[in-house]
Amino acid sequence: MAIKYVLLTSVLAVCVYGRTFTYLRPVELQQSATFFQPKISYDLHHHIPEDEHVDYYAYPKYVFKYGVNDFHTGDIKTHHESRDGDVVKGQYTLVEPDGSIRTVDYTADKHNGFNAVVHKTAPLSPHEAHHL
């Protein structure tokens, strides 16, 4: 118990000494000890003409694909998608709780908006599964 008391007292003394030392230093030392503040200057005379278009965003282009096959929980699904500019195309599939497979093909663009086509396959009967 005495060790905890000594340790707590020494930590408290260090903290108080540090605070006191900060306030008792000469003013010129206190100012130099503050964080460095860089001087930020702005060029107020440079401006972009109104007829010049500036695109501040990168061109959107990506492709991704993932899938989950967890037979323990029954979570089986896939998804892939691609984007090139304003055109997005993709497909995802998932196994429904009844064993049927839902497949969704989708596209989206500026002209047509979002369009999805859903296909659903019937679940396999135990008799059909036995013959596979």
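Residues numbered from 1 in each chain as written. Predicted model: local features only at pLDDT ≥ 70, side-chain atom pairs only at ≥ 80, totals over all residues. Heavy atoms only, no water.

Overview of the packing of aromatic side chains
According to the stated counting rule, one finds 3 aromatic pairs in the structure shown. With a centroid separation of 6.3 Å and an interplanar angle of 20 degrees, the aromatic rings of tyrosine 62 and phenylalanine 64 are classed as stacked. Given the relative accessible area of 34%, tyrosine 62 is considered partly exposed. By way of ring pairs, the aromatic residues Tyr62, Phe64 and Tyr66 are connected into one cluster. (Phe/Tyr/Trp six-rings, centres within 6.5 Å; stacked < 30°, edge-to-face > 60°. Buried < 20%, exposed > 50% of the residue type's maximum accessible area, 1.4 Å probe, protein only.)

Some words on the sheet that holds strand β2 (residues 75-84)
Each strand in a sheet pairs with another by means of backbone hydrogen bonds, the pair being arranged parallel or else antiparallel. Sheet architecture is open: 5 strands sit in the order β1-β2-β3-β4-β5, paired in antiparallel fashion. Strand pairing shows two members of the sheet lacking a second neighbour, β1 (61-70) and β5 (113-121), which therefore form its edges. Each strand axis lies, on average, 10 degrees off the axis of its neighbour in the sheet, ignoring direction. (Pairing = 2+ DSSP bridges. Helix = DSSP H or I, 4+ residues; strand = E, 2+ residues; numbered from the N terminus. Axes fitted to C-alpha atoms, helices over the stretch in contact; angles between N-to-C directions.)

A few points about the pattern of salt bridges
One pass over the full model with this rule turns up 3 salt bridges. A salt bridge links lysine 110 to aspartate 86, with the nearest nitrogen and oxygen atoms 3.8 Å apart. With lysine 110 in the loop between β4 (101-109) and β5 and aspartate 86 in the loop between β2 and β3 (87-95), this residue pair connects regions lying 24 residues apart in the sequence. On the accessibility criterion, aspartate 86 (41% relative accessible area) is partly exposed. Here arginine 102 and glutamate 96 are joined by a salt bridge, their closest N and O atoms 2.6 Å apart. Under the relative-accessibility criterion, arginine 102 is labelled partly exposed at 26%. (Salt bridge = Lys/Arg side-chain N within 4 Å of Asp/Glu carboxyl O.)

Description of a nonpolar patch on the surface
A cluster of nonpolar side chains, Tyr62, Phe64 and Tyr66, forms an exposed patch at the surface whose accessible area comes to about 270 Å². One can find phenylalanine 64 in strand β1. (Patch = residues over 30% accessible without salt bridge, like charges linked within 9 Å, V, L, I, M, F, W, Y side chains within 5 Å. Areas by Shrake-Rupley, 256 points an atom, 1.4 Å probe, with all protein chains shown as cover.)

So, the pairing of β1
Note that β1 and β2 share 10 bridges and pair antiparallel. If you follow valine 63 over to β2, its bridge partner there is serine 82. Taken together, β1 and the strand that follows it, β2, pair antiparallel across an intervening segment of 4 residues, in which glycine 74 is found at a positive phi of about 85 degrees.

As for the pairing of β3
When β2 meets β3, the two strands line up antiparallel, connected through 8 bridges. When the sheet's bridge partners are listed, lysine 77 is paired in β3 with leucine 94. With 8 bridges joining them, β3 and β4 adopt antiparallel strand pairing. Paired with valine 95 across the strands is isoleucine 101, a residue of β4. Linkage of β3 to β4, two consecutive antiparallel strands, is achieved through a turn of 5 residues, within which glycine 99 is found at a positive phi near 95 degrees.

Remarks on the environment of alanine 122
With respect to the helices, strands and loops of the structure, alanine 122 is situated in the loop between β5 and α3 (126-130). As for alanine 122 and serine 100, which are separated by 22 residues in sequence, their C-alpha atoms are 5.0 Å apart.

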